Amino acid sequence: MIGLTGAPGAGKSTLVDQLAKLYRKQDRSVGIVAVDPTSPYTGGAILGDRIRMQDHFADPGIYIRSMATRGSLGGLARTTADVTSVLDASGRDVILIETVGVGQDEIDIVRLADITVVILVPGMGDDVQTIKAGIMEIADIFVINKSDREGAERVEREIRALQSLATRNDGWTPPIVKTVASEGSGVQELVAAVAEYESYLQKENRALKKNVENWQERLIEMLRDTMLEKARAQLGDGNLTRLAAEVAEHKRDPYTLVEELAAKVKNR
Ligand SMILES: Nc1nc2c(ncn2[C@@H]2O[C@H](COP(=O)(O)OP(=O)(O)OP(=O)(O)O)[C@@H](O)[C@H]2O)c(=O)[nH]1
Ligand SMILES: [Mg+2]
């Protein structure tokens with residue numbers, strides 16, 4: 001299960017498309033999940049992806065599912081988790097999850113993946129600095145896409161510099177692969193990097209350990225969602241507004257209120 005994340009327009013879909021083609025050539029079945037947490041209403045990118053993916057529609061070896069945000073708390077990550085679980089169970093050899101950006105929702109989504117590929121592009125300037133907190137931790141492999149553009153070397157230097165500051169505690173140094181997804185170059189190298197990380201994960205049971213960690217997080221999320229749903233149901237419509245007004249008007253303190261509400265859910 002490979003998660004690919006990066007800024008809007010970084011070339012994620014193009015790269016996913018190329019990867020899918022390559023894996024199909026190796027006769028492996030592919031599942032693609034495209035998640036768009038940022039644009040709940042337009043769905044433009046997803047439509048574009050659908051059109052781009054038309055090539056594959058006749059191929060039963062490829063399953064494609066696009067999802068826009070559900071807007072509800074935890075909804076997207078959870079739905080994605082469910083879809084990927086189904087794909088996993090269906091025995092797809094490779095599952096590619098495309099998601100935009102590096103916000104919390106997306107980090108949740110990539111946490112589902114066995115391998116996380118972070119896609120950067122040249123010309124982002126200081127962006128690498130701003131997003132480093134999120135991405136340095138989640139990237140197993142870095143891709144510098146649009147390497148046909150000026151500045152790819154600079155991005156590479158910046159990643160290396162950040163890597164030298166913080167080594168991962170599992171000892172893996174995420175490789176940096178330069179690609180031009182629109183022309184298909186570097187994709188072979190990316191597949192090789194994925195395979196290398198895969199075999200690294202197989203050693204010393206690392207894959208299982210990672211999976212256990214993922215499930216630990218996911219169980220907590222599922223639990224949180226379920227409890228929250230219960231609390232919402234308990235609260236009923238309109239009551240939240242009334243309670244919020246009371247807190248805003250300093251008639252109640254929020255800490256005691258939340259304790260009370262939580263206790264009610266517990267006792268049900
Ligand atoms: N010059 C250049 N253009 C590229 C490359 N890869 C993709 N593109 C173009 O960049 C644009 C965006 O590509 P997408 O694959 O849609 O990017 P994305 O990250 O999926 O975009 P969103 O899903 O909207 O966030 C398209 O016009 C691609 O043709 C590349 O390596 N070099
Ligand atoms: Mg896309």
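Below: a short report on this structure.

Criteria and cut-off values
- Residues numbered from 1 in each chain as written.
- Chains lettered and ligands numbered in written order.
- Predicted model: local features only at pLDDT ≥ 70, side-chain atom pairs only at ≥ 80, totals over all residues.
- Heavy atoms only, no water.
- Donors = N, O, S within 2.8 Å, 3.2 Å for Na, K, Ca; no water.
- Helix = DSSP H or I, 4+ residues; strand = E, 2+ residues; numbered from the N terminus.
- Buried < 20%, exposed > 50% of the residue type's maximum accessible area, 1.4 Å probe, protein only.
- Near = heavy atom within 4 Å.
- Polar contact = N/O pair within 3.5 Å; in protein donor to acceptor, adjacent residues only side chain to side chain.
- Areas by Shrake-Rupley, 256 points an atom, 1.4 Å probe, with all protein chains shown as cover.
- Lys, Arg positive; Asp, Glu negative; His and termini not counted.
- Salt bridge = Lys/Arg side-chain N within 4 Å of Asp/Glu carboxyl O.
- Axes fitted to C-alpha atoms, helices over the stretch in contact; angles between N-to-C directions.
- Parallel < 35°, antiparallel > 145°, perpendicular 65-115°, else oblique.
- Contact = heavy atoms within 4.5 Å.
- Nonpolar A, V, L, I, M, F, W, Y, C, P; charged D, E, K, R; others polar.
- Core = buried A, V, L, I, M, F, W, Y, C linked by side-chain atoms within 4.5 Å.
- Expected span 1.5 Å × (residues − 1).
- Arc of directions from axis to C-beta.
- 1 Å grid on protein atoms, 1.4 Å probe; cavity = no way out; pocket = protein on both sides within 12 Å on 5 of 7 lines; lining within 4 Å.
- Points joined across faces, edges and corners; volume = space filled by probe spheres on them.

1. What about the coordination of the magnesium ion (ligand 2)?
Okay, so step 1: Taken together, the protein ligands of the magnesium ion (ligand 2) are S13 (OG) and E98 (OE), with distances of 2.1 to 2.2 Å. Of the two residues, S13 is situated in helix α1 (residues 12-25) and E98 in strand β4 (residues 94-100); the sequence distance between them amounts to 85 residues.
Okay, so step 2: According to the relative accessible area criterion, E98 is buried, its value standing at 8%.

2. A word on the site of ligand 1
Okay, so step 1: Close to ligand 1 lie 18 residues, the nearest being G11, K12, S13, T14 and D148.
Okay, so step 2: One nitrogen or oxygen atom from the main chain of G9 is found 3.1 Å from an oxygen atom belonging to ligand 1.
Okay, so step 3: In the environment of ligand 1, an oxygen atom lies 3.1 Å from a nitrogen or oxygen atom belonging to the side chain of K146.
Okay, so step 4: In the complex, 73% of the free accessible area of ligand 1, which totals 650 Å², lies under the protein chains.
Okay, so step 5: Those elements that provide at least two residues to the shell around ligand 1 are α1, α2 (44-52) and β4.

3. Topic: the side chain of E98
Okay, so step 1: Nearest to the buried, unbridged E98 among oppositely charged side chains is K12, at 4.7 Å.
Okay, so step 2: A polar contact is formed between the side chain of E98 and the side chain of S13, at a distance of 2.8 Å.

4. A look at the packing of helix α7 (residues 187-202) against helix α8 (residues 206-235)
Okay, so step 1: Their axes nearest at 5 Å, the elements α7 and α8 cross at an angle of 90°. Our classification of the angle between α7 and α8 gives roughly perpendicular. Together, Y197, Y200 and L201 of α7 and R206, A207 and K210 of α8 make up the contact between the two elements.
Okay, so step 2: Each residue belonging to the contact of α7 with α8 can be placed in one class, and the counts come to four nonpolar, no polar and two charged.

5. Considering the nonpolar core
Okay, so step 1: Formed by 31 residues in total, the largest nonpolar core has its most connected members in I2, L4, L96, V117 and L190.
Okay, so step 2: Of all elements in the fold, only β1 (2-6), α1, β2 (30-36), β4, β5 (115-120), β6 (141-144) and α7 reach the threshold of two or more residues within this core.
Okay, so step 3: With eight residues, the single largest contributor to this core is α7.
Okay, so step 4: If we skip the residues at most four places from it in the chain, L190 touches L15, L19, V117, I141, V143 and V177.
Okay, so step 5: By size, the runner-up hydrophobic cluster in this structure holds twelve residues, among which are L120, A139, V155 and I176.

6. Structural notes on helix α6 (residues 152-165)
Helical periodicity: at 3.6 residues per turn, an α-helix aligns residues three or four positions apart in one direction.
Okay, so step 1: Between its first and last C-alpha, α6 extends 20 Å over 14 residues, near the 20 Å set by a 1.5 Å rise per residue.
Okay, so step 2: Where α6 is concerned, the buried positions are A152, V155, E156, E158, I159, L162 and Q163. Along α6, the residues classed as buried sweep out an arc of 160° about the axis, all on the same side. α6 presents R157, S164 and L165 as exposed residues on the side facing more than 90 degrees away from its buried surface.

7. Some details on the pairing of β4
In regular strands, side chains alternate between the two faces of the sheet.
Okay, so step 1: Counting buried residues in β4 gives seven out of seven residues, a clear majority hidden from the surface.
Okay, so step 2: Of the two faces of β4, both are covered, the one formed by V94, L96, E98 and V100 as well as the one formed by I95, I97 and T99.

8. A short note on the layout of surface pockets
Okay, so step 1: Computed from the structure, the second largest pocket encloses a volume of approximately 400 Å³.
Okay, so step 2: If you trace the second largest pocket, you find 16 residues lining it, with L228, A231, V258, L261 and A262 closest to the centre.
Okay, so step 3: Within the residue set of the lining of the second largest pocket, elements represented by two or more residues are α8, α9 (239-248) and α10 (254-267).
Okay, so step 4: The leading source of residues in the lining of the second largest pocket is α8, at seven residues.
Okay, so step 5: Of the residues that constitute the lining of the second largest pocket, the class distribution is twelve nonpolar, one polar and three charged.

9. Some thoughts on the packing of α1 against α7
Okay, so step 1: It is the contact of α1 with α7, at a shortest axis distance of 10 Å, that shows an interaxial angle of 75°. It follows from the interaxial angle that α1 and α7 lie roughly perpendicular. Residues L15, Q18, L19, L22 and Y23 of α1 form the contact with α7, whose own contacting residues are V187, Q188, L190, V191 and V194.
Okay, so step 2: When its residues are assigned to classes, the contact of α1 with α7 shows eight nonpolar, two polar and no charged.

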